[in-house]
Amino acid sequence: MLITDFDYELPEELIAQHPVEQRDGARMLVVERGRESWRDAHFSELPAEMEAGEVLVVNNTRVFPARLAGRRESSGGRIELMLLRQTSAPDEPPMWETLARPARRLSGGARVTFGDGRLHAEVVETHEDGRRTVRFECDGDFHALLEEFGETPLPPYIKRAPKESGAAATGSRTEDRERYQTVYARQRGAIAAP
């Protein structure tokens, strides 16, 4: 089986750019394998689709603001890091594998500053595919600074900025943080919304 077997065309006008106001109003696809058919429904109908003895598995991983926009210390050029995986032990300075944009401008030793200068990253390893391993230095708690400076990574099919400019910025950022989570989210760790 190839991953391309799952490719399909989805017209852009059918892709919601904001979540539905009522979560249980979200659309749900019901697949009836025995009949080899499917139909559209809404999430509010899920209990009626369940039968005795069936198990419902929920994703309780909380999405954290894993996208950081900063500036190169040497030039002031804009850099974006997407945190992928922590590679350091909890008692060590935070070190993360990241996706960098633009990656070609971040060679070993390059330094990036985020927010008001309380969070810094230094590239300690480069990878050909645009990934960079970075070590963070911060004034204060690393995770608290992520909450303050980070943005919620939106799915690639959402064609709007994670936080809009102007007076709506705080509201949009709050909406993204709250709504691109499952209601079951408890354990911090996901970099993308389910």
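Residues numbered from 1 in each chain as written. Predicted model: local features only at pLDDT ≥ 70, side-chain atom pairs only at ≥ 80, totals over all residues. Heavy atoms only, no water.

## A closer look at the sheet that holds strand β6 (residues 95-101)
On the basis of which strands lie adjacent, the closed barrel formed by six strands has the order β4-β5-β6-β9-β8-β7 and antiparallel pairing. Taken over all neighbouring pairs, the strand axes of this sheet differ in orientation by 45 degrees on average, direction set aside. Bridge analysis of strand β4 (residues 67-72) against strand β5 (residues 78-86) gives five bridges, and the strand direction is antiparallel. In the strand pairing of β5, Leu 68 is matched with Leu 81. (Pairing = 2+ DSSP bridges. Helix = DSSP H or I, 4+ residues; strand = E, 2+ residues; numbered from the N terminus. Axes fitted to C-alpha atoms, helices over the stretch in contact; angles between N-to-C directions.)

## Things to note about a nonpolar patch on the surface
Taken together, the side chains of Phe 43, Met 50, Leu 56, Val 58, Val 183 and Tyr 184 present a nonpolar region at the surface, about 500 Å² in accessible area. Tracing the sequence through the fold places Leu 56 in the loop between α1 (46-49) and β3 (61-63). (Patch = residues over 30% accessible without salt bridge, like charges linked within 9 Å, V, L, I, M, F, W, Y side chains within 5 Å. Areas by Shrake-Rupley, 256 points an atom, 1.4 Å probe, with all protein chains shown as cover. Salt bridge = Lys/Arg side-chain N within 4 Å of Asp/Glu carboxyl O.)

## Things to note about the packing of aromatic side chains
This structure, assessed with the given rule, holds four aromatic pairs. Taken together, a centroid distance of 5.8 Å and an interplanar angle of 55 degrees make the contact between Phe 64 and Trp 96 tilted. With a gap of 32 residues between them, Phe 64 in the loop between β3 and β4 and Trp 96 in strand β6 connect regions that are remote in the sequence. On the basis of relative accessibility, which here comes to 6%, the residue Trp 96 falls in the buried class. When the ring of Phe 136 is compared with that of Phe 142, the centres are 5.0 Å apart and the planes differ by 50 degrees; the resulting orientation is tilted. (Phe/Tyr/Trp six-rings, centres within 6.5 Å; stacked < 30°, edge-to-face > 60°. Buried < 20%, exposed > 50% of the residue type's maximum accessible area, 1.4 Å probe, protein only.)

Purely geometric numbers; function is a separate question.
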